[in-house]
Amino acid sequence: MLDVRVIETSSLGDRSYLAHDGELAVVVDPQRDIDRIAALAGRLGVRVAWVLETHVHNDYVSGGLHLARLTGARYGLSAADDVPFERVPVREGDVIEVSGRMRIRPVATPGHTFHHLSYVLDGPDGSEGVFTGGSLLLGTTGRTDLLGQDHAHELARHQHSSARRLADLLPDGAAVWPTHGFGSFCSAGQADGEASTIGRERRHNPALTLAEGAFVEQTLAGLDVYPAYYAHMGPRNAAGPEPIDLTPARTAGPDELRQRIDAGEWVVDLRSRKAFVHSHLAGTVSLGLDGPMATWLGWLIDWGAPITLLGETPEDVAQAQRELARIGIERPAAAASGSPEKWAGGRSGRLASLPAALFADLAAALRHGHAGAYPPPAVVLDVRLPHEWRDGHVRGAVHIPLPELPHRIGELPAGPVWVHCASGYRATAAASLLARAGRRVVLIDDVFTGAADAGVPMAA
């Protein structure tokens, strides 16, 4: 059998792949930070002969073109995609003979995009699996509205047909290797598990168990909002992305940090929300590296706005810079590492903390008008996404999804704001934005599924 290695980018919910026969390798859908792939190929002692894209990506900047140029590999992209750079135009019916033991067969699988390709991997003993990109995912499929709502219905019909083509082409034991679906907003639904086969998908995937009409209806009904920065990814990839630049950002001292905060710039605290709640530089925004920092920051900011990164260590800042570069945020304006006390220059007046409560405290405050040391809520703010709100919410709460909050804070009534999400990560970001805007805020750092049991009145 051939060896297939996964290069996971969990912060974006994506996977890239390197398949090899011990000498030559094929890389599918590489992320922009290709040093991970080059290092893997080096450890395996293989040469990258082909780099293939399943589609022009909408959720990250591709590293495929640069990887091919760096390694001398051939770069394959759908022949139907009109791009200005040199590539091998790939279409269904082609056979890519990587070596005498490994070949790739492209299959047209429109749905996620119009020109989407999947790649069947054949070894000495037949078909071993298929790289499905944003077509057939694990228990779901790629979403069909990224090219606009006008195309969503037509692409959903294509997606159903494409999934069935793959199931008809391949044996039940063939592996399914999708790019999206592990938390990616490119997925139409929640991925089911970490690995799968065609046979398993036949039994569980709605594209293979539902008739076309029912599948289309279910898929379109389940689509929710997706990150605003997606609008920049497709054009960037179609134009030919430039190489990544991960050289360290310039270090900012306490006075510069204060100036940037006073100017209304994004100064982002990368520490855990627990650390942020305890103490932080006043005016900073909490987006910890222990969550999908790049997704939410890329969604929240006005594109091109300067960003300053604060981390406990230089390594934390470097990790954040890498994650942001994957979505095309090129260079932080500045950075600093250490502690809030260091960032404040020893001036305690520049430090702040956040009160953090549980849903039981909210229940008490709603029931009695007070909750110990916490101020009674003038408003309960829910910053989850629309589909989460529709599934159930706190009775009387105001719903403003986190990505909309920076431009809608003025809609909230005066008085203390108690803010929650599903688990605390987004609520902490929201609380920091509210505090930055001068609002009195209580963070509910708790799991929403326990709100009803805690006595919080709920609405369907």
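Residues numbered from 1 in each chain as written. Predicted model: local features only at pLDDT ≥ 70, side-chain atom pairs only at ≥ 80, totals over all residues. Heavy atoms only, no water.

**Considering the overall build of the protein**
Per the secondary structure count, the protein includes 15 helices and 24 strands. For 460 residues, the compact-globule estimate of 2.2 N^0.38 gives 23 Å, and the C-alpha radius of gyration of the protein, at 24 Å, lies within 12% of that figure. Dimensions along the principal axes, computed over C-alpha positions, put the protein at roughly 70 × 50 × 35 Å. Residue burial in the protein is summarised as follows: out of 460 residues, 57% are buried. Residue pairs at least 24 apart in sequence account for 68% of intrachain contacts in the protein once pairs closer than 6 positions are excluded. Approximately 17,900 Å² of the protein is accessible, and the part contributed by carbon and sulfur atoms is 51%. The protein carries 42 positive and 54 negative side-chain charges, and their two centres are separated by 3 Å. (Helix = DSSP H or I, 4+ residues; strand = E, 2+ residues; numbered from the N terminus. Rg over C-alpha atoms; globule rule 2.2 N^0.38 Å. Buried < 20%, exposed > 50% of the residue type's maximum accessible area, 1.4 Å probe, protein only. Contact = heavy atoms within 4.5 Å. Areas by Shrake-Rupley, 256 points an atom, 1.4 Å probe, with all protein chains shown as cover. Lys, Arg positive; Asp, Glu negative; His and termini not counted. Charge placed at Lys NZ, Arg CZ, Asp CG, Glu CD.)

**Observations regarding the packing of helix H3 (residues 149–169) against helix H6 (residues 212–222)**
Running from N to C, H3 and H6 cross one another at 125 degrees; their axes reach a closest spacing of 9 Å. It follows that H3 is oblique to H6 by the angle criterion. Handedness of the crossing formed by H3 with H6: right-handed. Residue-level inspection shows Ala152, His153, Ala156, Arg157, Gln159 and His160 of H3 in contact with H6, the latter providing Glu212, Phe215, Val216 and Leu220. Taken together, the residues of the contact of H3 with H6 break down into five nonpolar, three polar and two charged. (Axes fitted to C-alpha atoms, helices over the stretch in contact; angles between N-to-C directions. Parallel < 35°, antiparallel > 145°, perpendicular 65-115°, else oblique. Left-handed = near helix turned anticlockwise from the far one by under 90°. Nonpolar A, V, L, I, M, F, W, Y, C, P; charged D, E, K, R; others polar.)

**Description of helix H2 (residues 64–71)**
What H2 keeps buried is the set Gly64, Leu65, Leu67 and Ala68. Angularly, the buried residues of H2 cover 165 degrees about the axis, an arc narrow enough to put them on a single face. Projecting away from the buried face of H2 at angles above 90 degrees are the exposed residues Arg69 and Leu70. Contacts made by the buried residues of H2 are with strand E3 (24–28), helix H1 (35–44), strand E4 (47–52) and strand E5 (74–78). Trailing H2 by a residue or two, glycine 72 shows a phi angle of about 80 degrees, which is positive. (Arc of directions from axis to C-beta.)

**A short note on the sheet that holds strand E11 (residues 175–178)**
Ordered by their spatial adjacency, five strands build an open sheet running E7-E8-E9-E10-E11, and the pairing between neighbours is mixed. With partners counted over all chains shown, the strands left at the sheet margins are strand E7 (96–97) and E11, one partner each. In this sheet, strand E9 (residues 117–123) lies alongside strand E8 (residues 103–108) in antiparallel orientation, the contact comprising six bridges. Bridge pairing in E9 places proline 106 opposite tyrosine 119. Lying on the sheet, H3 is in contact with E8, E9 and strand E10 (126–133); it crosses E8 at an angle near 145 degrees. (Pairing = 2+ DSSP bridges.)

**Looking at the pairing of strand E22 (residues 417–420)**
Burial of E22 is two-sided: the residues Val417 and Val419 facing one way and the residues Trp418 and His420 facing the other way are all buried. With four bridges joining them, strand E19 (residues 379–382) and E22 adopt parallel strand pairing. From the neighbouring strand, valine 380 faces E22, where its bridge partner is tryptophan 418. Where E22 and strand E23 (residues 441–444) come together, three bridges link them in parallel fashion. Counterpart to tryptophan 418 in the pairing with E23 is valine 442.

**Details of empty space enclosed by the protein**
Summed over the entire model, instances satisfying the criterion amount to two cavities of 30 Å³ or more. Of the pockets and cavities examined, the largest cavity occupies roughly 70 Å³. Looking at the largest cavity, it is lined by 13 residues, and the ones nearest its centre are Glu53, Ser62, Tyr75, Phe85 and Asn237. Of the residues assigned to the lining of the largest cavity, the class counts are eight nonpolar, four polar and one charged. Taken together, Arg32, Ser62, Gly63, His66, Pro241, Glu242, Pro243 and Ile244 form the lining of the second largest cavity. (1 Å grid on protein atoms, 1.4 Å probe; cavity = no way out; pocket = protein on both sides within 12 Å on 5 of 7 lines; lining within 4 Å. Points joined across faces, edges and corners; volume = space filled by probe spheres on them.)

**Considering the nonpolar core**
In this structure, Trp266, Leu287, Met293, Leu297, Leu309, Leu381 and Leu434 are the most contacted members of the largest nonpolar core, which totals 54 residues. Considering every element that reaches this core, the biggest residue donor is helix H15 (residues 425–436), with seven residues. The residues contacting leucine 434, other than those within four sequence positions of it, are Leu381, Leu405, Ile409, Leu412, Val417, Val419, Arg439 and Val441. Leu2, Leu117, Leu121 and Phe131 belong to the second-largest nonpolar core, a separate cluster that totals 22 residues. (Core = buried A, V, L, I, M, F, W, Y, C linked by side-chain atoms within 4.5 Å.)

**Brief notes about the sheet that holds strand E14 (residues 285–286)**
Spatially, the four strands line up as an open sheet ordered E14-E12-E15-E16, and their pairing is parallel. Of all strands in the sheet, those with a lone pairing partner are E14 and strand E16 (334–337), marking the two edges. Each of strand E15 (307–311) and E16 is contacted by helix H11 (residues 314–326), which is oriented at about 140 degrees to E15, the strand it contacts most.

Purely spatial values, then, with no claim about function.
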